[in-house]
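Residues per chain are reported as follows:
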Amino acid sequence: ENSAVAPAPVDKEMSAEQHLEVSDSLIKLYVANQKMDTLVTPNGIVYEYIKKNPKGKQVKFMDQVTVKYSGTLLDGTEFDHGQIDFVAGGQQVIRGWDEAVQLLREGEKIKAIIPWYQAYGDQATGPIPAFADLVFEMEVIKTISSKEQE
(Lines give C-alpha, C1' and ligand atoms only; values in the text may rest on other atoms or scores of the structure.)
Protein backbone atom coordinates (compact mmCIF):
# COMPACT_ATOMS: atom_id res chain seq x y z
CA GLU A 1 0.00 0.00 0.00
CA ASN A 2 1.47 3.32 -1.05
CA SER A 3 0.50 6.04 1.39
CA ALA A 4 2.33 8.75 -0.52
CA VAL A 5 0.57 11.90 -1.64
CA ALA A 6 1.03 13.15 -5.19
CA PRO A 7 2.35 16.70 -5.35
CA ALA A 8 -0.05 19.38 -6.45
CA PRO A 9 0.41 20.43 -10.06
CA VAL A 10 1.97 23.87 -10.21
CA ASP A 11 -0.63 26.25 -11.55
CA LYS A 12 0.79 29.69 -12.23
CA GLU A 13 -2.76 31.06 -12.24
CA MET A 14 -3.40 30.05 -8.63
CA SER A 15 -3.16 32.74 -5.98
CA ALA A 16 -0.95 32.36 -2.91
CA GLU A 17 -4.14 31.79 -0.88
CA GLN A 18 -5.13 28.91 -3.17
CA HIS A 19 -1.64 27.42 -2.87
CA LEU A 20 -1.97 27.65 0.93
CA GLU A 21 -5.30 25.80 0.84
CA VAL A 22 -3.95 23.05 -1.44
CA SER A 23 -0.85 22.70 0.74
CA ASP A 24 -2.96 22.47 3.90
CA SER A 25 -5.12 19.72 2.33
CA LEU A 26 -2.12 17.74 1.05
CA ILE A 27 -0.36 17.92 4.42
CA LYS A 28 -3.51 16.77 6.27
CA LEU A 29 -3.86 13.87 3.81
CA TYR A 30 -0.18 12.92 4.25
CA VAL A 31 -0.49 12.97 8.07
CA ALA A 32 -3.62 10.80 7.92
CA ASN A 33 -2.05 8.33 5.46
CA GLN A 34 1.14 8.07 7.51
CA LYS A 35 -0.89 7.78 10.75
CA MET A 36 1.31 10.44 12.30
CA ASP A 37 0.75 11.74 15.83
CA THR A 38 1.59 15.35 15.13
CA LEU A 39 2.17 18.69 16.77
CA VAL A 40 2.09 21.97 14.84
CA THR A 41 4.20 25.10 15.34
CA PRO A 42 2.67 28.59 15.05
CA ASN A 43 4.38 28.90 11.63
CA GLY A 44 2.72 25.77 10.23
CA ILE A 45 5.43 23.14 10.63
CA VAL A 46 3.77 19.79 11.31
CA TYR A 47 5.96 17.31 13.17
CA GLU A 48 6.15 14.16 15.22
CA TYR A 49 8.89 12.86 17.47
CA ILE A 50 10.57 9.67 16.28
CA LYS A 51 13.07 9.59 19.13
CA LYS A 52 12.98 11.60 22.38
CA ASN A 53 15.94 12.36 24.64
CA PRO A 54 14.70 14.34 27.67
CA LYS A 55 18.24 14.53 29.10
CA GLY A 56 19.77 15.87 25.88
CA LYS A 57 20.91 19.47 25.63
CA GLN A 58 18.13 21.70 24.21
CA VAL A 59 18.98 23.43 20.94
CA LYS A 60 18.70 27.18 21.38
CA PHE A 61 18.79 30.15 19.02
CA MET A 62 22.31 30.66 17.58
CA ASP A 63 23.63 27.28 18.78
CA GLN A 64 25.93 25.44 16.35
CA VAL A 65 24.18 22.17 15.47
CA THR A 66 25.04 19.02 13.55
CA VAL A 67 21.95 17.45 11.99
CA LYS A 68 21.62 14.13 10.20
CA TYR A 69 18.68 14.31 7.78
CA SER A 70 16.79 12.97 4.83
CA GLY A 71 14.38 15.00 2.72
CA THR A 72 11.51 13.82 0.56
CA LEU A 73 8.58 15.28 -1.32
CA LEU A 74 5.10 14.31 -0.09
CA ASP A 75 5.03 11.58 -2.76
CA GLY A 76 8.05 9.92 -1.11
CA THR A 77 10.64 10.98 -3.70
CA GLU A 78 13.92 11.55 -1.83
CA PHE A 79 15.76 14.67 -2.97
CA ASP A 80 18.53 14.82 -0.38
CA HIS A 81 20.09 13.17 2.67
CA GLY A 82 23.24 13.62 4.67
CA GLN A 83 24.63 15.56 7.59
CA ILE A 84 24.97 19.33 7.92
CA ASP A 85 26.40 21.82 10.42
CA PHE A 86 24.64 25.16 10.77
CA VAL A 87 23.69 27.85 13.27
CA ALA A 88 20.13 27.39 14.59
CA GLY A 89 18.15 30.47 13.60
CA GLY A 90 21.12 31.83 11.64
CA GLN A 91 19.35 31.85 8.26
CA GLN A 92 21.88 29.42 6.75
CA VAL A 93 19.13 26.91 5.93
CA ILE A 94 15.44 27.12 4.97
CA ARG A 95 13.23 28.91 7.51
CA GLY A 96 11.42 25.71 8.42
CA TRP A 97 14.70 24.11 9.49
CA ASP A 98 15.71 27.10 11.61
CA GLU A 99 12.45 26.70 13.49
CA ALA A 100 12.23 22.89 13.59
CA VAL A 101 15.74 22.31 14.92
CA GLN A 102 14.99 24.49 17.95
CA LEU A 103 12.22 22.03 18.94
CA LEU A 104 14.89 19.40 19.53
CA ARG A 105 17.38 18.25 22.10
CA GLU A 106 20.67 16.58 21.30
CA GLY A 107 19.94 12.96 20.33
CA GLU A 108 16.31 13.62 19.38
CA LYS A 109 14.80 12.92 15.98
CA ILE A 110 11.63 14.23 14.36
CA LYS A 111 9.76 13.85 11.14
CA ALA A 112 8.79 17.37 10.09
CA ILE A 113 6.57 18.49 7.25
CA ILE A 114 7.76 21.90 6.14
CA PRO A 115 5.13 23.80 4.14
CA TRP A 116 6.36 25.40 0.91
CA TYR A 117 6.23 28.92 2.38
CA GLN A 118 8.75 27.86 5.07
CA ALA A 119 10.92 26.05 2.48
CA TYR A 120 11.73 27.18 -1.07
CA GLY A 121 8.49 29.07 -1.69
CA ASP A 122 7.38 29.63 -5.26
CA GLN A 123 10.83 28.83 -6.69
CA ALA A 124 11.82 25.43 -8.05
CA THR A 125 15.22 24.33 -6.70
CA GLY A 126 16.93 21.39 -8.41
CA PRO A 127 14.64 18.36 -8.00
CA ILE A 128 12.26 20.34 -5.73
CA PRO A 129 9.29 21.84 -7.58
CA ALA A 130 7.85 25.28 -6.84
CA PHE A 131 5.28 25.31 -3.99
CA ALA A 132 6.59 21.95 -2.70
CA ASP A 133 5.82 20.91 0.87
CA LEU A 134 8.84 18.96 2.12
CA VAL A 135 9.20 16.09 4.59
CA PHE A 136 12.40 15.85 6.61
CA GLU A 137 13.61 13.38 9.16
CA MET A 138 16.00 15.42 11.29
CA GLU A 139 18.20 14.16 14.11
CA VAL A 140 20.37 16.45 16.20
CA ILE A 141 23.73 14.70 16.53
CA LYS A 142 25.45 17.53 18.38
CA THR A 143 24.71 21.01 19.67
CA ILE A 144 27.24 23.57 20.89
CA SER A 145 25.72 26.57 22.64
CA SER A 146 26.65 30.04 21.46
CA LYS A 147 28.33 30.62 24.86
CA GLU A 148 30.56 27.54 24.40
CA GLN A 149 31.60 28.77 20.95
CA GLU A 150 33.26 31.92 22.32
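Treat the numbers as computed from the prediction; the structure is a model and nothing was measured.

So, how was this worked out
- Throughout this document, residue positions are counted from 1 along each chain, in the order its sequence is written.
- In view of the model being predicted, local features appear only for residues whose pLDDT reaches at least 70, and side-chain atom pairs are presented and counted only at 80 or more, with totals across whole chains, interfaces and linings using the full set of residues.
- Side-chain figures throughout are based on the complete set of non-hydrogen atoms in the structure, without hydrogens or water.
- When a carboxyl oxygen of Asp or Glu lies within 4 Å of a side-chain nitrogen of Lys or Arg, that pair is called a salt bridge.
- A helix here means a DSSP run of H or I that spans at least four residues, while a strand means a run of E at least two residues long, and both kinds are numbered starting from the N terminus.
- For every residue, the accessible area (1.4 Å probe, protein chains only) is compared with the maximum for its type, and the residue is labelled buried under 20%, exposed over 50%, or partly exposed between those bounds.
- Residue contacts are defined here by distance: any two heavy atoms, one from each residue, within 4.5 Å place the two residues in contact.
- The pairing criterion for strands is at least two bridges between them, as found by DSSP.

Draft legend 1. Inspection of the pattern of salt bridges at higher detail. Under the defined criterion, the tally for this structure stands at three salt bridges. A salt bridge links Lys28 to Asp24; the shortest N-O distance between them is 2.7 Å. Placement of both Lys28 and Asp24 in helix 1 (residues 16-34) is noted, with a separation of four residues, approximately one turn of the helix. Using a relative accessible area of 54% as the deciding quantity, one classes Lys28 as exposed. Residue Glu137 is joined to Lys109 by a salt bridge in which the shortest nitrogen-to-oxygen separation is 3.4 Å. Residue Glu137 is located in strand 6 (residues 134-144), and its partner Lys109 is located in strand 5 (residues 109-114); the two are separated by 28 residues in the primary sequence. Residue classification places Glu137 among the partly exposed positions, given a relative accessible area of 28%.

Draft legend 2. Structural detail: the environment of Lys142. Take Lys142: it is sitting in strand 6. Between the alpha carbons of Lys142 and Arg105 there is a distance of 8.9 Å; along the sequence they are 37 residues apart. When residues no more than four places from it in sequence are discounted, the contact partners of Lys142 are Gln64, Val65, Thr66 and Glu106.

Draft legend 3. Main features of the pairing of strand 5. The buried count for strand 5 comes to five of six residues, which makes it a mostly enclosed element. Inspection of the sheet shows strand 2 (residues 46-51) paired to strand 5 by five bridges, in the antiparallel sense. Pairing of Glu48 across the sheet is with Lys111, part of strand 5. As defined by bridge partners, strand 5 adjoins strand 6 across six bridges and the pair is classed as antiparallel. From the neighbouring strand, Ile110 faces strand 6, where its bridge partner is Met138.

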